[in-house]
Amino acid sequence: MARRRSKRAGSKSADGHSVSGFGCLSCVRGPDLAENQTNGMATIVSENSNGGKDMWDASAADRREPEVGAGGEFPDHLVIMVNGIIGSADNWRYAASQFVKKLPDKVFVHCSERNASTLTFDGVDRMGVRLAEEVKSIIENKPGLKKISFVAHSLGGLVARYAIGILYEPPLQSDYGVQNGGDSDLIDSNANHNVKEELKGKIAGLEPINFITFATPHLGSRGHKQLPLLCGIRVLENAATYSAHWFVGRTGKHLFLRDNDDGKLPLLRRMVTDYGDLRFMSALRSFKRRVAYANVRYDHMVGWRTSSIRRQSELPELRKVPINEKYRHIINVENGDCAKNTPRVSARKDDHVTDAIEEEMIACLTQVPWERVDVSFYRSRQRFLAHSTIQVKWYWMQSEGAHVICHMIDNFVI
């Protein structure tokens, strides 16, 4: 396997749960400048493996090896990064390097490559199967892994949701007794409730932590202004519904909910429930947190409603100033209530944009709490590339998105 090493500056987190308080300077200076700092703490290793690209801190791995022995020399938190349509593993190169630089001994990052380029036209289900197989292969080759998180862009968020439905492993009934000293008869009702909250299942045998999406069309691309490129013109939106598959294959049918495999519901409608053997919602629920980053404007590919999983009447009022100067393009943060997994109220009667199918999908997806982060590149010269800028697809073109990546890492739960 070809291996490439480079010296980069890095820093450890202050605690073992989440990262906060890091400055954005290292994020926005760019990877090239950081590579010139030969006295940095992190030695980032990038390696082609398992159909994608692995990235970790070699110096941290060297420190761990004598402590934990063979098989545990890598960080134990696996971060899977998934590209969007016509994308590749390189699209997450900047964000992956920032992960390893800021959490050098905490994360092992894998940028998926199984669904690159025109393979993204094969449909969400086939891509999800390939991603699930890729994840299994990584875990088999890295036996020391204990936790798993997903970070996905655009279509990759739907692919990741399908993959976790395959990889989900429900908790065994016997585990309830194990968590309480083995004597289930002595568990009172409150304790039993807490145990059930803790035992939410695993993803491919690992503890699920973060599920994060960037500009993902969770509700599909059908509906008014869900594909902003069409400027809200109803005639064009209707035409796209019936012709998208001409351009992007089965994926187009899935995005516009036009698939009808063997008389089944459209795939995206199935994915908001536990459908047959695929436990889509149980898998989502198993993560400690779910986060949806959404562009509020200038994203020509994915609308604000579908990427933030909101009804039209729930979209917050637009702000032109950031909520924190540290993250200058983030204008709103809505924290999910992890203590109350209650669905949101139905759409208001004056909400004429949210139709019945969209309402059904929102109601199902919001059975679990989501953190929503609204992003606006309103004052940026890169605003018309917002769909790619939000993930910093190419640093030299979309560097303004570095503050968004910084926010994601600063709030990442370890």
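Figured I'd write up the structure that's included with this text. All residue numbers refer to positions counted from 1 along the written sequence of the respective chain. Note on the predicted model: pLDDT of at least 70 is required for a residue's local features to be given, and 80 or more for side-chain atom pairs to be given and counted; whole-chain, interface and lining totals, by contrast, use all residues. Hydrogens and water molecules were not included; the side-chain quantities draw on all heavy atoms of the structure.

To continue, consider the overall build of the chain. Labels follow the DSSP assignment, with helices taken as runs of H or I lasting at least four residues and strands as runs of E lasting at least two, numbered in each case from the N terminus. Per the secondary structure count, the chain includes 16 helices and 14 strands. Contact between two residues is taken to exist if any of their heavy atoms lie within 4.5 Å; hydrogens are not considered. When contacts within the chain are restricted to residue pairs at least 6 apart in sequence, those whose partners lie at least 24 apart make up 77%. Carbon and sulfur atoms make up 50% of the accessible area of the chain, which amounts to about 18,200 Å² in all. Per-residue accessibility takes into account occlusion by the displayed protein chains alone, with areas from the Shrake-Rupley method and a 1.4 Å probe.

Moving on, we get to the pattern of salt bridges. When a carboxyl oxygen of Asp or Glu is within 4 Å of a side-chain nitrogen of Lys or Arg, the pair counts as a salt bridge. A full pass over the atoms with the stated rule returns 18 salt bridges. Of the charged contacts, one joins arginine 305 and glutamate 358 as a salt bridge, the two residues approaching to 3.1 Å between their closest N and O atoms. Highlighted residues: arginine 305 in helix α12 (residues 304-308) and glutamate 358 in helix α13 (residues 356-365), separated in sequence by 53 residues. Per residue, the accessibility class of arginine 305 equals that of glutamate 358, and both read buried. The shortest N-O distance in the salt bridge between lysine 326 and aspartate 410 comes to 3.0 Å. In this pair, lysine 326 sits in the loop between α12 and β13 (330-334) while aspartate 410 sits in helix α16 (residues 402-410), placing the two residues 84 residues apart along the sequence. Accessible area is worked out with a 1.4 Å probe on protein chains only. A residue is then buried under 20% of its type maximum, exposed over 50%, and partly exposed in between. The exposure class assigned to lysine 326 is partly exposed, which follows from its relative accessible area of 22%. Exposure remark for aspartate 410: the relative accessible area of 2% places this residue in the buried category. If you follow the salt bridges from partner to partner, you end up with Arg310, Glu334, Arg372 and Asp374 in one network.

With that settled, the discussion passes to the side chain of glutamate 400. Residue position: glutamate 400 is located in the loop between α15 (395-398) and α16. Setting aside residues up to four positions removed in sequence, glutamate 400 forms contacts with Arg328, His329, Phe377, Ser380, Gln382 and Thr389.

Below, the discussion takes up the nonpolar core. Counting residues in hydrophobic clusters, the biggest one holds 56 residues, and the most contacted among them are Leu78, Ile80, Leu131, Phe150 and Ile203. Every element with two or more residues in this core is listed here: β4 (77-82), α5 (124-141), β6 (147-153), α6 (155-167), α9 (234-255), α10 (267-270), α11 (280-286) and α13. The greatest single-element share of this core, amounting to 8 residues, is contributed by α6. Those residues within four positions of leucine 78 in sequence are excluded, and the remaining contacts are Phe108, His110, Ile138, Ile139, Leu145, Lys147, Ile148, Ser149 and Leu206. Note on terminology: a nonpolar core comprises buried Ala, Val, Leu, Ile, Met, Phe, Trp, Tyr and Cys residues joined through side-chain atoms within 4.5 Å. The next biggest cluster of nonpolar side chains, apart from the first, holds 37 residues, and it includes Met55, Val107, Val291 and Tyr327.

So, about the pairing of strand β9 (residues 207-214). Most of β9 sits out of view: 7 of its 8 residues are buried. Following DSSP output, two strands are said to pair if at least two bridges run between them. Of the pairings in the sheet, the one linking β6 to β9 comprises 6 bridges and is parallel in character. Within the sheet, the bridge partner assigned to phenylalanine 150 lies in β9 and is phenylalanine 211. In terms of strand pairing, β9 meets strand β12 (residues 289-295) through 5 bridges, oriented parallel. Looking across to β12, one finds that threonine 213 is bridged to alanine 292.

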